[in-house]
Amino acid sequence: SIPGAVIAAPKDEIELKDMMFSAMNADKGPYIIRYPRGYGEGKPWQEHEFTRIEEGKGEKLHEGSRIAVIAAGPMANRTKEAAEELLSQTGWAPSIYNIRYIKPIDTEILDEVYENFETVITIEDGSIIGGLHGAVAEHMSGKEKPAKVVAVGIPDTYLSQGTQKELRAECNLTKEGISGVISEELKKISKKLIMNAILFPKCRAALIRKQLEQLETEENYILPYSPTQRIGSDLQKEFKEVKRTRV
(Lines give C-alpha, C1' and ligand atoms only; values in the text may rest on other atoms or scores of the structure.)
Protein backbone atom coordinates (compact mmCIF):
# COMPACT_ATOMS: atom_id res chain seq x y z
CA SER A 1 0.00 0.00 0.00
CA ILE A 2 3.04 2.31 0.22
CA PRO A 3 3.44 4.21 -3.08
CA GLY A 4 6.60 3.22 -4.93
CA ALA A 5 7.42 0.36 -2.56
CA VAL A 6 9.19 -2.73 -3.91
CA ILE A 7 8.40 -6.11 -2.32
CA ALA A 8 10.84 -8.87 -3.21
CA ALA A 9 10.73 -12.58 -2.34
CA PRO A 10 14.01 -14.43 -3.08
CA LYS A 11 13.85 -18.18 -3.61
CA ASP A 12 17.30 -18.87 -2.09
CA GLU A 13 20.47 -17.32 -0.65
CA ILE A 14 21.84 -16.36 -4.07
CA GLU A 15 18.71 -14.41 -5.00
CA LEU A 16 18.70 -12.83 -1.54
CA LYS A 17 22.28 -11.63 -2.09
CA ASP A 18 21.37 -10.24 -5.51
CA MET A 19 18.22 -8.55 -4.20
CA MET A 20 20.17 -6.89 -1.39
CA PHE A 21 22.58 -5.60 -4.03
CA SER A 22 19.63 -4.48 -6.16
CA ALA A 23 18.09 -2.68 -3.18
CA MET A 24 21.32 -0.76 -2.57
CA ASN A 25 21.29 0.40 -6.20
CA ALA A 26 17.55 1.01 -6.54
CA ASP A 27 16.40 4.47 -7.61
CA LYS A 28 13.12 4.16 -5.73
CA GLY A 29 11.89 2.73 -2.49
CA PRO A 30 11.32 1.59 0.14
CA TYR A 31 12.70 -1.81 -0.86
CA ILE A 32 11.26 -4.69 1.18
CA ILE A 33 12.76 -8.19 1.05
CA ARG A 34 10.76 -11.14 2.42
CA TYR A 35 12.68 -14.15 3.66
CA PRO A 36 11.63 -17.12 5.83
CA ARG A 37 12.57 -17.93 9.38
CA GLY A 38 15.01 -20.72 10.05
CA TYR A 39 17.51 -22.13 7.59
CA GLY A 40 18.03 -21.20 3.96
CA GLU A 41 18.14 -23.50 0.94
CA GLY A 42 21.83 -24.27 1.33
CA LYS A 43 23.01 -22.59 -1.87
CA PRO A 44 26.74 -21.68 -2.09
CA TRP A 45 26.25 -17.91 -2.13
CA GLN A 46 29.66 -16.77 -0.81
CA GLU A 47 31.48 -16.87 -4.16
CA HIS A 48 28.51 -15.69 -6.21
CA GLU A 49 29.11 -12.39 -8.00
CA PHE A 50 26.61 -9.61 -7.27
CA THR A 51 24.00 -9.36 -10.01
CA ARG A 52 21.33 -6.70 -10.38
CA ILE A 53 17.81 -8.16 -10.66
CA GLU A 54 15.43 -5.77 -12.37
CA GLU A 55 12.43 -4.86 -10.25
CA GLY A 56 9.23 -6.51 -11.42
CA LYS A 57 10.95 -9.26 -13.43
CA GLY A 58 10.40 -12.94 -12.68
CA GLU A 59 11.71 -16.08 -14.37
CA LYS A 60 10.40 -19.32 -15.83
CA LEU A 61 11.78 -22.37 -14.05
CA HIS A 62 10.08 -25.09 -16.09
CA GLU A 63 8.21 -25.29 -19.40
CA GLY A 64 5.02 -27.30 -19.13
CA SER A 65 1.44 -27.35 -20.35
CA ARG A 66 -2.22 -26.89 -19.32
CA ILE A 67 -1.48 -25.53 -15.83
CA ALA A 68 0.79 -22.65 -14.82
CA VAL A 69 2.10 -22.36 -11.27
CA ILE A 70 3.31 -18.96 -10.07
CA ALA A 71 5.33 -19.21 -6.87
CA ALA A 72 7.04 -16.71 -4.59
CA GLY A 73 10.14 -17.12 -2.45
CA PRO A 74 11.30 -20.60 -1.35
CA MET A 75 7.95 -21.99 -2.52
CA ALA A 76 9.38 -21.76 -6.05
CA ASN A 77 11.84 -24.48 -5.04
CA ARG A 78 9.15 -26.70 -3.50
CA THR A 79 7.03 -26.23 -6.62
CA LYS A 80 9.91 -27.18 -8.90
CA GLU A 81 10.52 -30.31 -6.80
CA ALA A 82 6.83 -31.22 -7.08
CA ALA A 83 6.94 -30.71 -10.86
CA GLU A 84 10.02 -32.90 -11.19
CA GLU A 85 8.28 -35.65 -9.21
CA LEU A 86 5.15 -35.41 -11.38
CA LEU A 87 7.29 -35.52 -14.50
CA SER A 88 9.09 -38.68 -13.37
CA GLN A 89 5.84 -40.38 -12.34
CA THR A 90 3.51 -39.35 -15.16
CA GLY A 91 5.58 -37.82 -17.96
CA TRP A 92 3.77 -34.49 -17.46
CA ALA A 93 4.45 -31.32 -15.50
CA PRO A 94 3.03 -27.79 -15.38
CA SER A 95 4.88 -24.62 -16.24
CA ILE A 96 6.60 -23.12 -13.19
CA TYR A 97 7.31 -19.42 -12.68
CA ASN A 98 9.39 -17.79 -9.94
CA ILE A 99 7.69 -14.40 -9.69
CA ARG A 100 10.49 -12.83 -7.55
CA TYR A 101 8.60 -9.57 -6.97
CA ILE A 102 5.14 -9.25 -5.43
CA LYS A 103 5.29 -5.52 -6.19
CA PRO A 104 5.76 -4.45 -8.90
CA ILE A 105 4.58 -7.78 -10.27
CA ASP A 106 5.77 -9.11 -13.63
CA THR A 107 2.78 -8.36 -15.88
CA GLU A 108 4.52 -9.92 -18.89
CA ILE A 109 4.54 -13.29 -17.10
CA LEU A 110 0.91 -12.83 -16.04
CA ASP A 111 -0.16 -12.02 -19.61
CA GLU A 112 1.75 -15.05 -20.94
CA VAL A 113 0.06 -17.27 -18.38
CA TYR A 114 -3.39 -15.86 -19.14
CA GLU A 115 -3.02 -16.47 -22.87
CA ASN A 116 -1.63 -20.01 -22.68
CA PHE A 117 -3.04 -21.85 -19.67
CA GLU A 118 -6.43 -23.07 -18.51
CA THR A 119 -5.68 -22.92 -14.79
CA VAL A 120 -3.31 -20.76 -12.73
CA ILE A 121 -2.10 -21.77 -9.27
CA THR A 122 -0.39 -19.27 -6.97
CA ILE A 123 1.84 -20.57 -4.17
CA GLU A 124 3.20 -18.39 -1.36
CA ASP A 125 4.35 -18.89 2.22
CA GLY A 126 2.39 -15.83 3.31
CA SER A 127 -1.20 -14.74 3.64
CA ILE A 128 -3.39 -15.48 0.62
CA ILE A 129 -5.24 -12.22 1.25
CA GLY A 130 -3.21 -9.21 0.14
CA GLY A 131 -0.32 -11.26 -1.21
CA LEU A 132 0.70 -12.93 -4.47
CA HIS A 133 -2.72 -14.47 -5.06
CA GLY A 134 -4.42 -11.10 -4.64
CA ALA A 135 -2.03 -9.43 -7.09
CA VAL A 136 -2.46 -12.16 -9.72
CA ALA A 137 -6.25 -12.32 -9.35
CA GLU A 138 -6.50 -8.54 -9.57
CA HIS A 139 -4.53 -8.50 -12.82
CA MET A 140 -6.56 -11.37 -14.31
CA SER A 141 -9.88 -9.73 -13.37
CA GLY A 142 -9.25 -6.99 -15.89
CA LYS A 143 -9.10 -9.45 -18.79
CA GLU A 144 -11.83 -10.11 -21.36
CA LYS A 145 -12.65 -13.63 -20.16
CA PRO A 146 -12.49 -15.00 -16.60
CA ALA A 147 -9.42 -16.88 -15.49
CA LYS A 148 -9.31 -19.61 -12.86
CA VAL A 149 -6.77 -18.70 -10.17
CA VAL A 150 -6.27 -21.25 -7.38
CA ALA A 151 -4.61 -20.07 -4.16
CA VAL A 152 -2.17 -22.05 -2.02
CA GLY A 153 -0.86 -20.22 1.01
CA ILE A 154 -1.73 -19.27 4.57
CA PRO A 155 -5.52 -18.93 4.90
CA ASP A 156 -7.32 -16.18 6.80
CA THR A 157 -7.81 -18.33 9.89
CA TYR A 158 -6.02 -19.35 13.06
CA LEU A 159 -3.69 -22.29 12.55
CA SER A 160 -3.03 -25.00 15.09
CA GLN A 161 0.16 -25.00 17.13
CA GLY A 162 3.08 -26.89 15.64
CA THR A 163 6.51 -26.75 14.07
CA GLN A 164 7.15 -24.89 10.83
CA LYS A 165 7.22 -28.22 9.00
CA GLU A 166 3.86 -29.23 10.44
CA LEU A 167 2.22 -25.88 9.69
CA ARG A 168 3.52 -25.85 6.12
CA ALA A 169 2.09 -29.33 5.61
CA GLU A 170 -1.26 -28.12 6.99
CA CYS A 171 -1.30 -25.36 4.35
CA ASN A 172 -0.09 -27.61 1.47
CA LEU A 173 3.20 -25.69 1.38
CA THR A 174 5.32 -28.82 0.93
CA LYS A 175 6.42 -30.74 -2.14
CA GLU A 176 3.77 -33.38 -1.45
CA GLY A 177 1.02 -30.85 -0.79
CA ILE A 178 1.80 -28.82 -3.91
CA SER A 179 1.94 -31.98 -6.03
CA GLY A 180 -1.49 -32.98 -4.71
CA VAL A 181 -3.03 -29.59 -5.55
CA ILE A 182 -1.60 -29.65 -9.09
CA SER A 183 -2.80 -33.22 -9.70
CA GLU A 184 -6.29 -32.39 -8.45
CA GLU A 185 -6.58 -29.37 -10.75
CA LEU A 186 -5.47 -31.44 -13.74
CA LYS A 187 -8.12 -34.04 -12.97
CA LYS A 188 -10.73 -31.26 -12.94
CA ILE A 189 -9.61 -30.19 -16.42
CA SER A 190 -9.97 -33.73 -17.78
CA LYS A 191 -13.40 -34.18 -16.16
CA LYS A 192 -14.58 -30.89 -17.61
CA LEU A 193 -13.60 -32.04 -21.09
CA ILE A 194 -15.48 -35.30 -20.58
CA MET A 195 -18.65 -33.52 -19.44
CA ASN A 196 -18.47 -31.12 -22.39
CA ALA A 197 -18.17 -34.08 -24.75
CA ILE A 198 -21.51 -35.36 -23.44
CA LEU A 199 -23.42 -32.09 -23.20
CA PHE A 200 -22.38 -30.33 -26.40
CA PRO A 201 -23.44 -31.16 -29.99
CA LYS A 202 -21.56 -33.83 -31.93
CA CYS A 203 -19.40 -31.34 -33.81
CA ARG A 204 -18.18 -29.84 -30.54
CA ALA A 205 -17.86 -33.28 -28.95
CA ALA A 206 -15.56 -34.40 -31.77
CA LEU A 207 -13.21 -31.50 -31.03
CA ILE A 208 -13.27 -32.21 -27.30
CA ARG A 209 -12.69 -35.91 -27.94
CA LYS A 210 -9.60 -34.96 -29.92
CA GLN A 211 -8.39 -32.86 -26.97
CA LEU A 212 -8.90 -35.82 -24.66
CA GLU A 213 -6.91 -38.09 -26.93
CA GLN A 214 -4.14 -35.51 -26.97
CA LEU A 215 -4.23 -35.42 -23.19
CA GLU A 216 -3.54 -39.16 -23.16
CA THR A 217 -0.92 -39.34 -25.89
CA GLU A 218 1.16 -36.16 -25.73
CA GLU A 219 3.15 -37.44 -22.75
CA ASN A 220 1.22 -35.16 -20.46
CA TYR A 221 -0.79 -36.56 -17.61
CA ILE A 222 -1.48 -40.31 -17.36
CA LEU A 223 -5.14 -40.30 -16.35
CA PRO A 224 -6.50 -42.81 -13.83
CA TYR A 225 -8.78 -44.05 -16.61
CA SER A 226 -9.04 -43.58 -20.35
CA PRO A 227 -11.59 -40.78 -20.91
CA THR A 228 -12.13 -41.54 -24.58
CA GLN A 229 -13.22 -45.06 -23.68
CA ARG A 230 -15.85 -43.67 -21.32
CA ILE A 231 -17.59 -41.12 -23.53
CA GLY A 232 -20.14 -43.82 -24.34
CA SER A 233 -23.12 -45.15 -22.45
CA ASP A 234 -21.12 -45.94 -19.32
CA LEU A 235 -20.12 -42.31 -18.74
CA GLN A 236 -23.58 -41.04 -19.69
CA LYS A 237 -25.07 -43.24 -16.96
CA GLU A 238 -22.51 -41.89 -14.52
CA PHE A 239 -23.34 -38.30 -15.48
CA LYS A 240 -27.11 -38.89 -15.15
CA GLU A 241 -26.56 -40.31 -11.67
CA VAL A 242 -24.51 -37.27 -10.62
CA LYS A 243 -27.15 -34.94 -12.08
CA ARG A 244 -29.96 -36.82 -10.28
CA THR A 245 -28.22 -36.61 -6.89
CA ARG A 246 -27.70 -32.84 -7.26
CA VAL A 247 -31.35 -32.07 -8.02
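Preceding this paragraph is the structure being described.
Since the model is a prediction, treat every value here as computed from it, not as a measurement.

A. Inspection of the pattern of salt bridges at higher detail. Scanning the model with the defined rule gives 17 salt bridges in all. The salt bridge partner of Glu59 is Lys11, with a shortest N-O separation of 3.1 Å. Here Glu59 is found in strand E3 (residues 59-62), whereas its partner Lys11 is found in the loop between strand E1 (6-8) and helix H1 (13-24), with 48 residues between them in sequence. Across the pair Lys143 and Asp111 runs a salt bridge, and its minimum N-O distance is 2.6 Å. Linking Lys143 in the loop between helix H4 (132-141) and strand E8 (148-154) with Asp111 in helix H3 (residues 107-116), this pair joins segments that are 32 residues apart in sequence. Judged by its relative accessible area of 28%, Asp111 is partly exposed.

B. Spatial organisation of the layout of surface pockets. Roughly 370 Å³ of volume is contained in the second largest pocket. Arg34, Tyr35, Pro36, Arg37, Asp125, Ile154, Leu159, Gln164, Leu167, Arg168, Cys171 and Leu173 are the residues that line the second largest pocket. Ranked by residues supplied to the lining of the second largest pocket, first place goes to helix H5 (residues 164-170) with three residues. When its residues are assigned to classes, the lining of the second largest pocket shows seven nonpolar, one polar and four charged.

C. Just the packing of aromatic side chains, in detail. Taken as a whole and assessed by the stated rule, the structure comprises two aromatic pairs. Note on Phe21 and Phe50: the rings are 5.2 Å apart at their centroids and 25 degrees apart in plane angle, and the pair reads as stacked. Of this pair, Phe21 sits in helix H1 while Phe50 sits in the loop between strand E2 (31-33) and E3; the two residues are 29 residues apart in sequence, bridging distant segments of the chain. The ring of Phe50 has Lys17 sitting right over it, with the charged end atom 4.8 Å from the ring centre. Here the basic side chain of Lys143 rests over the ring of Tyr114, its NZ or CZ set 5.5 Å away from the ring centre.

D. Examining the nonpolar core more closely. With 22 residues, the main nonpolar core has Ile67, Val69, Ile121, Ile123 and Ile182 as its most contacted residues. Those elements giving two or more residues to this core turn out to be strand E4 (67-71), helix H2 (75-90), strand E7 (119-127), E8 and helix H6 (175-199). What Val69 contacts, discounting residues up to four positions off in sequence, is Thr79, Pro94, Ser95, Ile96, Tyr97, Ile121, Ile123 and Ile182. By size, the runner-up hydrophobic cluster in this structure holds 18 residues, among which are Ala9, Ala72, Ile109 and Val120.

E. Structural detail: the sheet that holds strand E6 (residues 101-103). The mixed open sheet is built from three strands, whose spatial order is E2-E1-E6. The sheet terminates laterally at E2 and E6, the two strands that pair on one side only. Geometrically, the sheet is characterised by an average inter-axis angle of 25 degrees between neighbouring strands, direction not taken into account. Here E1 runs beside E6; their pairing, made up of two bridges, is antiparallel. Across the sheet, Ala8 pairs through a bridge with Tyr101, a residue of E6. Relative to the sheet, H1 contacts E1, E2 and E6, its axis offset from that of E2 by approximately 170 degrees.

F. Broad picture of the sheet that holds strand E5 (residues 95-98). On the basis of which strands lie adjacent, the open sheet formed by five strands has the order E3-E5-E4-E7-E8 and mixed pairing. This sheet does not close on itself; its edge strands, each paired only once, are E3 and E8. The mean angle between the axes of side-by-side strands here comes to 25 degrees, regardless of whether they run parallel or antiparallel. When E3 meets E5, the two strands line up antiparallel, connected through three bridges. Following the sheet pairing, Lys60 is matched in E5 by Tyr97.

Parameters at a glance
- Residues numbered from 1 in each chain as written.
- Predicted model: local features only at pLDDT ≥ 70, side-chain atom pairs only at ≥ 80, totals over all residues.
- Heavy atoms only, no water.
- Salt bridge = Lys/Arg side-chain N within 4 Å of Asp/Glu carboxyl O.
- Helix = DSSP H or I, 4+ residues; strand = E, 2+ residues; numbered from the N terminus.
- Buried < 20%, exposed > 50% of the residue type's maximum accessible area, 1.4 Å probe, protein only.
- 1 Å grid on protein atoms, 1.4 Å probe; cavity = no way out; pocket = protein on both sides within 12 Å on 5 of 7 lines; lining within 4 Å.
- Points joined across faces, edges and corners; volume = space filled by probe spheres on them.
- Nonpolar A, V, L, I, M, F, W, Y, C, P; charged D, E, K, R; others polar.
- Phe/Tyr/Trp six-rings, centres within 6.5 Å; stacked < 30°, edge-to-face > 60°.
- Lys NZ or Arg CZ within 6 Å of the ring centre and 35° of its normal.
- Core = buried A, V, L, I, M, F, W, Y, C linked by side-chain atoms within 4.5 Å.
- Contact = heavy atoms within 4.5 Å.
- Pairing = 2+ DSSP bridges.
- Axes fitted to C-alpha atoms, helices over the stretch in contact; angles between N-to-C directions.

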